[in-house]
Amino acid sequence: MATSNRSPGTPLDRRPEARTFSVQDLLEAVVRGRIRVPRFPRGLKWDRADARLLLESLDRGYPVGTLLLWESAAPADAGRIGLLTLPAPPMENALWVVDGQQRIVSLARVLLAAEPDEDAFALYFDLDSSDFVIPPAAGKSRADPSRWLPLTVVLDSERLMHWLLEHAAGADSRPRRDTAIQLGRRLREYGIPACIVRSDDESILRDIFKRINSAGRSLDDADVFDALNGSRSRSRPSTVAEISSELEELGFGHIEERILHRLLRVLIGLPVVEGARDEPPRLADADAAAAYGLAAATASRIVLFLRNDAGIAHYELLPYKQAFVTLGRFFHLHPQPSRRSCQRLARWIWRGALSGAHQGDTVSTRKVLARILPDSEDRSVDGMLEMIGPPPSLLPDVSDRFNFRFATGKLLTLALLSLEPRDLTTGERLTAGQLLRSGQAAHGSSALLRILPPHPGRNDEALQSAANRLLHPPQPGGMRRLLAGTTDAALLASHGISEAARERLVDGDGAAFLKLRAEWLRPRVQGFFDRRAGWGEPDRPSIASLIIDDEEA
């Protein structure tokens, strides 16, 4: 008989304790430092879409799994969750998260963020449709502020009431108030079960963690598709990752694998997103190879269209990524559209981005895909344009709070790029790829650098706005010093800075500088959006498409 190589291990001294935490108590424990995420777990894979599904489950009362916590001593620490810094004192009975990091981190990033739109996981609740949504466009929010409830206020009932008094105090807002109060109660009081293990032996925790996560990170939909359908021949591309890698050679940046996987699904006739009960597709080898090749070729056409016709020079500047998938069906069915169709399709891109119609929920994406017809290029574009609706009452403004992660930030960045910014030290024109590479390397995800630093403890809206941002590679000494020393009017104008604004900067009057720059930029930015969207232009198809052939007649 073969002998086992498995060590007997160390048994637990005490049986684990079963306990239920309300969401409110759970996150309060995170803030106090009682609950801590260890440094050794696998990297977190969830994004805002996953966080949204979690919040929906809590709201509907669905089970969300059991947390596994290890009670043990913990030193003083200043942990980070997203943009949150959470100082924690030393304690003997801290609860380390062994299983449940994704859920706890997602809840913390959505519900504990200092500002509603600050974190990449930011979500709102649409009080009319009772749906969790990404942050609404600035125009939508300003036009109807009582409709969009930031989830950063629901965890604290007092904070929620202050928000309702400020934004939804009117008699006509009673239904929204009731919905908000009920939502807050459901989320705060939802009970999440937990199993608490008590032991002084850290090796036990590591053994438990290893056993729970023995398969490594869970496969996402693109991973599963590749595992089942990756071409077994030597042809390339044979995975979604290879498609993404090849597309980077076009100089359009890194296109996310999840978006390319959705594109591939649409091209082979599957729903854009795999349902919870759907079986992953299994294609024959030849069909799989053809599908990967088709996805790569179609994605290349989309990139060329976005860059040459829509004026979007980099993937990171595409305000809503789901539009990439929708365009895939169009270019698959109509691979060589007319110049007029490309012009109208570019308007569709910009109108959808400016109005927020391209936010990317599955239902709206399916509706747009259904409008793209195999037998008519022009009627397809007609149908896509019809779904956008009228122009929004308010467009992104240079005085709005700027965040490059959100669609309005990308739109304002595109407007600043339209000024053809030049390097203030060499005079050379700056490209989107160059700016994004340098900006991301030095400043996270933002391609725009601050001109004036923020004031600690002060919430100065002007300092948070696009008027305080510059599209430029980082420079020693900072942007303020560089601008103050630049006297070339053409160079300054390429960044939207007048001589009068520069003089205020030299005088040390930052508030006047930002005011003058915003006044100079505002009409140019609005004009740029109007030209790109073409709201007032006729949307008729080409004349050639209206001519009926004699034989057809």
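Definitions and cut-offs
- Residues numbered from 1 in each chain as written.
- Predicted model: local features only at pLDDT ≥ 70, side-chain atom pairs only at ≥ 80, totals over all residues.
- Heavy atoms only, no water.
- Helix = DSSP H or I, 4+ residues; strand = E, 2+ residues; numbered from the N terminus.
- Pairing = 2+ DSSP bridges.
- Contact = heavy atoms within 4.5 Å.
- Axes fitted to C-alpha atoms, helices over the stretch in contact; angles between N-to-C directions.
- Buried < 20%, exposed > 50% of the residue type's maximum accessible area, 1.4 Å probe, protein only.
- Core = buried A, V, L, I, M, F, W, Y, C linked by side-chain atoms within 4.5 Å.
- Patch = residues over 30% accessible without salt bridge, like charges linked within 9 Å, V, L, I, M, F, W, Y side chains within 5 Å.
- Areas by Shrake-Rupley, 256 points an atom, 1.4 Å probe, with all protein chains shown as cover.
- Salt bridge = Lys/Arg side-chain N within 4 Å of Asp/Glu carboxyl O.
- Lys, Arg positive; Asp, Glu negative; His and termini not counted.
- Charge placed at Lys NZ, Arg CZ, Asp CG, Glu CD.
- pLDDT = per-residue confidence, 0-100.

## A closer look at the environment of Pro-16
On the secondary structure map, Pro-16 appears in the segment before strand S1 (17–22). Along the primary structure Pro-16 and Trp-70 are separated by 54 residues, whereas in three dimensions their C-alpha atoms are 9.2 Å apart.

## Remarks on the sheet that holds strand S6 (residues 91–99)
Read across the sheet, 5 strands follow the order S1-S10-S3-S6-S2 without closing on themselves; strand pairing throughout is mixed. A single partner strand is all that each edge strand has here, and the edge strands are S1 and strand S2 (35–36). Bridging between S2 and S6 involves 2 bridges; their strand directions are parallel. Bridge pairing in S6 links Arg-36 to Trp-96. Docked against the sheet, helix H1 (residues 23–32) engages S1, S2, strand S3 (67–74), S6 and strand S10 (191–198), running at close to 95 degrees with respect to S1.

## Topic: helix H3 (residues 101–111)
Given 3.6 residues to a turn, an α-helix orients residues that are three or four positions apart in the same direction. In terms of residue burial, H3 counts as a mostly covered element, since 11 of its 11 residues are buried. Buried within H3 we find Gln-101, Gln-102, Arg-103, Ile-104, Val-105, Ser-106, Leu-107, Ala-108, Arg-109, Val-110 and Leu-111.

## Some words on unusual backbone geometry
Phi at Ser-130 takes a positive value of approximately 55 degrees, unusual for a residue other than glycine. For Ser-130, the position within the fold is in the loop between strand S7 (124–126) and strand S8 (131–133). A positive phi is found at Glu-420, a non-glycine position, where the angle reads about 55 degrees. For Glu-420, a relative accessible area of 41% gives the class partly exposed.

## Section: the sheet that holds S8
With antiparallel pairing, the 3 strands of this open sheet are ordered in space as S8-S7-S9. Of all strands in the sheet, those with a lone pairing partner are S8 and strand S9 (148–150), marking the two edges. Strand-to-strand, the axes of this sheet are offset by a mean angle of 35 degrees, without reference to chain direction. Of the pairings in the sheet, the one linking S7 to S9 comprises 3 bridges and is antiparallel in character.

## Section: the nonpolar core
By size, the foremost hydrophobic cluster in this structure holds 91 residues, and its most contacted members are Phe-305, Leu-306, Phe-324, Ile-349, Trp-350 and Phe-529. Tallying contributions element by element places helix H11 (residues 285–308) first for this core, with 9 residues. Apart from the residues lying within four places of it in its own chain, the contact partners of Ile-349 are Phe-305, Leu-306, Ala-310, Ile-312, Ala-323, Leu-327 and His-358.

## Quick look at a negative patch on the surface
Residues Asp-25, Glu-28, Asp-156 and Glu-158 make up a contiguous surface patch of negative charge. Residue Glu-158 is classed as exposed on the basis of its relative accessible area, which comes to 53%.

## Quick notes on the confidence of the model for the protein
Of all residues in the protein, 85% have pLDDT values of 70 or greater, and the mean over the chain is 85. Below a pLDDT of 50 lies the segment residues 1–7, which in the model reaches 0 contacts outside its immediate sequence neighbourhood of four places, other chains included. Segment residues 548–553: pLDDT under 50, and 1 contact once partners within four positions in sequence are set aside and those in other chains are kept.

## Concerning helix H16 (residues 407–417)
With 11 of its 11 residues buried, H16 lies for the most part within the structure. Residues of H16 that are buried include every one of Ala-407, Thr-408, Gly-409, Lys-410, Leu-411, Leu-412, Thr-413, Leu-414, Ala-415, Leu-416 and Leu-417, and no others.

## Some remarks on the pattern of salt bridges
Across all of its chains, the model carries 27 salt bridges by this definition. Measuring nitrogen to oxygen at the nearest pair gives 2.9 Å for the salt bridge that ties Asp-144 to Arg-176. A residue pair is termed long-range when its members are at least 10 positions apart, and Asp-144 in the loop between helix H4 (138–143) and S9 and Arg-176 in helix H6 (residues 174–189) qualify at 32 residues. Among the residues examined, Arg-176 registers a relative accessible area of 14% and is labelled buried. Look at the salt bridges and you will find they share partners, linking Asp-126, Asp-128, Asp-144, Arg-147 and Arg-176 into a network.

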